[in-house]
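# Residue-level structural notes
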Amino acid sequence: MTLVEAINHTLHQEMERDGKVLVFGQDVARNGGVFRATDGLLDRFGGRRVVDTPLAEGVIIGTAVGLAAEGFVPVPEIQFLGFAWQAFHQIAGQLARLRYRSDGRFGCPVTVRAPFGGGVRTPELHSEALEAQFVQCPGLKVVLPASAADAKGLLASAIRDPDPVMFLEPLKGYRLVKDDVPEGEHLVPLGKANAVRTGDDVTLIAWSAQVEVARKAAAVLAAEHGVSAGVLDLRTLVPLDIEAIVAAVEHTGRAVVVSEAPQSAGFAAEVVATICEEAFYSLEAPVARVGGYDVPYPVGMLEEHYVPDAARVVAAALRVCGEGA
Amino acid sequence: MSLDLELAAAETVYRVLSEDGSALVAEPPDVRDDDVVAVMAEMVKARVANGRFFSLQRQGRAGTYAPIEGQEAVVAGAAAALDPAHDWVLPQYREPVALGRFGPEVLRTYALYQRGHPAGGHFPAPVRVFPVQISLAAQIPHALGLAWAMRLKGEPGVACVFFGDGASSEGDFYEAANFAGVLGAPVLFLCVNNGWAISTPLHSQTAATSFAAKAAAFGFPGVRVDGNDALAMISVVAAARERAVTGGGPTLIEAVTFRMGPHTTADDPKRYQAPEERAGWEGRDPILRLRRHLEGRGLWSAERQAEAEALAAAEIDAAWDRAEAMTVSPDAFFDHVYAEPTPRMVTQRAELRARLGLDPDPGTGTGTGTGA
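The structure presented is a predicted model; accordingly, all values stated were derived computationally and were not measured.

A count of helical and extended segments in chain A gives 12 helices and 12 strands. For a compact globule of 325 residues, the expected C-alpha radius of gyration is about 20 Å, and chain A comes in at 19 Å, within 12% of that figure. In terms of its C-alpha atoms, chain A occupies a principal-axis envelope of roughly 60 × 45 × 40 Å. Looking at the 325 residues of chain A, the share that counts as buried comes to 63%. Look at the contacts in chain A between residues 6 or more apart in sequence, and 81% of them connect residues 24 or more apart. In the structure as shown, chain A presents an accessible area of about 12200 Å², 51% of it carried by carbon and sulfur atoms. Separation between the mean location of the 28 positive side-chain charges and that of the 41 negative ones in chain A comes to 5 Å.

If you want it as structure tokens, here you go:
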């Protein structure tokens, strides 16, 4: 099934499993979500559990905090990630911290779903990659599936997790990403990276839609350059699978980190710093980053030059392998 | 000005033309016939542009489009009551095709926006129209800031901000309206109540009896006006403007209308809207309504209509041809992030240019093509 179908299927299963799971947000009920991620939930579970909210992101997240404190399991949707900024005071200042500021009395088992990243020529503020901003909010977990099977396994884990999770779905991959998804219970633990391709010469580290870019680059590196590249899908940025990163880099001695967000202080920088701290003496070359530029996400005519593509990843991998520019 | 906003601030919807345009039910606005004819032509242009941008999107030549169909009188009528030399307009995103009163550059720039060209991001100086706003309600505090600034500078203008029934649920609306009341700032809060926020109907958006009623809590008048009645729009906006520039403070104007199309080209109202609801509004078309009135007064005719449509098509085609012909340097997204780029941006730009086989030095004039 496609990635968005996997999300929809998992929401059905989790709402079936746990009567406390609630889905709400803009256009999620009657319209089934603008990407149809929540299609059919209203018919199956009714208007008490599947709710169209007024158009106000702050109150969507803020009410999730209160509902969670009373024992519900909210799965609110932010329609496009750029609108999460209108809820940032509730996400960063409240959702992330309720456990901490109530000295453990209240947890926030909330899973905030939102599309992530660009590549489909959307209007402004529909293509943001804000993962690093959420990572900077201790208390939040940050999860980014790259495959349909992982979308199911990670979403189910996120909903069952006792802490708030930002569940960021690759917008470009909603219908493009298609793979086999287990029908029954399928849980992928938060904090476990996935070695989607093994390789001996260089490790390509990515998350969300950039995993597919890294896979394409790895195929080109093998076919055209005789370079054996492994691809590590981090899956979750918080918690981070440091062990998997270190093991991969110790094996290859070289790494390229691929991400979509603006480069400066992006999450790729955190990965590079972690490698420097934990695997420095295994490195054969400086770690490279391929990412967005330090500019706001560009308009449609220009986005193809902004989002990393396989050619840029190949070039960076060859550079760290000492094989040309 | 004959209209008293304090008295109009009731639950009734202010109307000048009867629903079919055949009769006057209130005193018409104090404007010249030529100006009303210009509003008519602008509405026709907006309707033609609407069809054109819709089909360009379907052909894959233009980006996602938010139709204005059915709401032309709200925008063209309001604009007719504003002073393009002194007032600011802050659109949401449906309005630019009907803001020709603020200059032909508005449509030309909007064509670039629909094309996905960076030069579509701003209306060139001195046009007093803010960039379209995608983050709903975010422009409302900006309007208050502009109005506050004009008052500090002793300038005579107002800021007229458009936003929808959906956007009125955002905190930015309440925060700005509350502060505007405190400051007594010259802001016209123009809430375009078109019945739907994508799939969310009014009763899921608010339990208030009207959007205008919310003004009571801010301490200034709120008035409901028939948004499909261009003459009523002119009257109400003119009265609110007069009040604002003479120190009377803000007004909340709720224009009652209907979104006759989908939310955007990416939306399908059949999923959530009963067809009868739209059908019920077809007889209240704002263009037919004003047309009947003008024809009754000998100011419009079938020939005038055909002429206006042809002029509109020519203007839009010219705007679109220009937009499609306008090139852009592939590294133009580095322009205008800061007044001066950071050292890292300079490095990144050189890397991109080298990758694309361009001279590493961007030099000058490689930007977004603005002003062209």
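Each partner contributes residues to the interface: chain A has 37 residues there, and chain B has 39 residues. The contact between chain A and chain B buries some 3200 Å² in all, and 54% of this surface belongs to carbon and sulfur atoms. Counting every contact that joins chain A to chain B gives 1 salt bridge. One salt bridge in this structure joins Asp 39 of chain A and Arg 271 of chain B, with 2.9 Å as the shortest N-O distance. The tally of links between chain A and chain B comes to 14 residue pairs in polar contact (both at pLDDT 80 or more). Its residues placed into classes, the side of chain A that touches chain B shows 15 nonpolar, 10 polar and 12 charged.

This part takes up the sheet that holds strand β11 (residues 255–262) of chain A. Residues and elements named next belong to chain A. The strand order across the open sheet built from 5 strands is β7-β9-β8-β11-β12, with neighbouring strands paired in mixed fashion. Since the sheet does not close on itself, it has two edges, and those belong to β7 (194–197) and β12 (288–292), each with one partner. Recorded for the sheet is a direction-independent mean angle of 25° between the axes of neighbouring strands. Inspection of the sheet shows strand β8 (residues 202–206) paired to β11 by 3 bridges, in the parallel sense. Across the sheet, the residue bridging to Thr 203 is Ala 255, located in β11.

Residues and elements named next belong to chain A. The terminal C-alpha atoms of helix α9 (residues 210–225) lie 21 Å apart, and with 16 residues this matches the ideal 22 Å at 1.5 Å per residue to within 8%. Listed in full, the buried residues belonging to α9 are Gln 210, Val 211, Val 213, Ala 214, Ala 217, Ala 218 and Leu 221. The buried residues of α9 all sit within an arc of 155° when viewed along its axis, so they share a single face. Exposed side of α9, more than 90 degrees from the buried face: Ala 223 and Glu 224 are the residues found there. In this fold, the buried residues of α9 make contact with β7, β8, β9 (229–233), β11 and α12 (310–320). Where α9 terminates, the next one or two residues include Gly 226, which has phi positive at roughly 65°.

What follows concerns the domain arrangement of chain B. When cut into domains, chain B gives domain 1 (5–325) and domain 2 (330–372). Of note, the centres of domain 1 of chain B and domain 2 of chain B, computed from C-alpha atoms alone, are 37 Å apart.

Here we come to the pairing of strand β1 (residues 21–25) of chain A. Residues and elements named next belong to chain A. Among the 5 residues of β1, 5 are classified as buried, and the element is accordingly described as predominantly covered. Two strands pair when backbone bridges link them, and β1 and strand β3 (residues 73–77) are joined in this way by 5 bridges, in the parallel orientation. Looking at the pairing, Leu 22 lines up with Pro 74 of β3. As paired elements, β1 and strand β2 (residues 50–52) share 3 bridges and run parallel to each other. Among the inter-strand pairings, Phe 24 is bridged to a residue of β2, identified as Val 51.

Let us now look at the packing of helix α5 (residues 139–152) of chain B against helix α6 (residues 171–183) of chain B. All names here are of chain B. The N-to-C vectors of α5 and α6 enclose an angle of 20°; their axes lie 8 Å apart at closest approach. With respect to each other, α5 and α6 are oriented roughly parallel. Handedness of the α5/α6 crossing: left-handed. Contacts from Ile 140, Pro 141, Leu 144, Trp 148 and Arg 151 of α5 reach α6 at Asp 172, Phe 173, Ala 176, Phe 179, Ala 180 and Leu 183. Here the residues of the contact of α5 with α6 are counted per class, giving 9 nonpolar, no polar and 2 charged.

All right, on to the side chain of Thr 203 of chain A then. When you line up the elements, Thr 203 of chain A lands in strand β8. By relative accessible area, Thr 203 of chain A is classed as buried at 3%.

Residue and element names in this part refer to chain B. Within the secondary structure, Ala 306 sits in helix α12 (residues 302–325). Residue classification places Ala 306 among the partly exposed residues on the basis of a relative accessible area of 44%. Each C-alpha atom of the pair Ala 306 and Val 44 lies 9.8 Å from the other, and the pair is 262 residues apart in sequence.

Residue and element names in this part refer to chain A. As assigned here, chain A comprises domain 1 (3–176) and domain 2 (194–320). A straight line from the C-alpha centre of domain 1 to that of domain 2 covers 27 Å. Listed per partner, the contact involves 22 residues of domain 1 and 22 residues of domain 2. Contact between domain 1 and domain 2 buries roughly 1700 Å² in total, counting both sides, with carbon and sulfur atoms accounting for 59%. Per-residue buried area on domain 1 facing domain 2 is highest for Arg 121, Glu 131 and Leu 144; these three make up 26% of the total on that side. Where domain 1 touches domain 2, the interface holds 1 salt bridge. Note that Arg 235 and Asp 150 form a salt bridge whose closest N and O atoms lie 2.7 Å from each other. Across the contact surface, domain 1 and domain 2 share 10 residue pairs in polar contact (both at pLDDT 80 or more). Of all the elements in the fold, those that place two or more residues in the side of domain 1 that touches domain 2 are α6 (131–135), β5 (141–143) and α7 (148–160).

To continue, consider unusual backbone geometry. Note: most residues except glycine have negative phi, and most peptide bonds are trans. All names here are of chain A. Put simply, Val 238 and Pro 239 share a cis peptide bond, and its omega is -5°. Even without glycine at this site, Asp 103 takes up a positive phi of about 55°. Mapped onto the secondary structure, Asp 103 falls in the loop between α5 (98–101) and β4 (111–116). Look at Asp 103 and you get exposed, because its relative accessible area is 75%.

Another point: the state of the cysteines. Scanning all chains against the criterion turns up 0 disulfides over all chains. A disulfide-free cysteine, Cys 137 of chain A has its sulfur positioned 13 Å from the sulfur of Cys 108 of chain A, the nearest such atom.

Definitions and cut-offs
Residues numbered from 1 in each chain as written. Chains lettered and ligands numbered in written order. Predicted model: local features only at pLDDT ≥ 70, side-chain atom pairs only at ≥ 80, totals over all residues. Heavy atoms only, no water. Helix = DSSP H or I, 4+ residues; strand = E, 2+ residues; numbered from the N terminus. Rg over C-alpha atoms; globule rule 2.2 N^0.38 Å. Buried < 20%, exposed > 50% of the residue type's maximum accessible area, 1.4 Å probe, protein only. Contact = heavy atoms within 4.5 Å. Areas by Shrake-Rupley, 256 points an atom, 1.4 Å probe, with all protein chains shown as cover. Lys, Arg positive; Asp, Glu negative; His and termini not counted. Charge placed at Lys NZ, Arg CZ, Asp CG, Glu CD. Buried area = accessible area lost by both parts, 1.4 Å probe. Salt bridge = Lys/Arg side-chain N within 4 Å of Asp/Glu carboxyl O. Polar contact = N/O pair within 3.5 Å; in protein donor to acceptor, adjacent residues only side chain to side chain. Nonpolar A, V, L, I, M, F, W, Y, C, P; charged D, E, K, R; others polar. Pairing = 2+ DSSP bridges. Axes fitted to C-alpha atoms, helices over the stretch in contact; angles between N-to-C directions. Expected span 1.5 Å × (residues − 1). Arc of directions from axis to C-beta. Domains from an automatic or database assignment. Parallel < 35°, antiparallel > 145°, perpendicular 65-115°, else oblique. Left-handed = near helix turned anticlockwise from the far one by under 90°. Disulfide = S-S within 2.5 Å.

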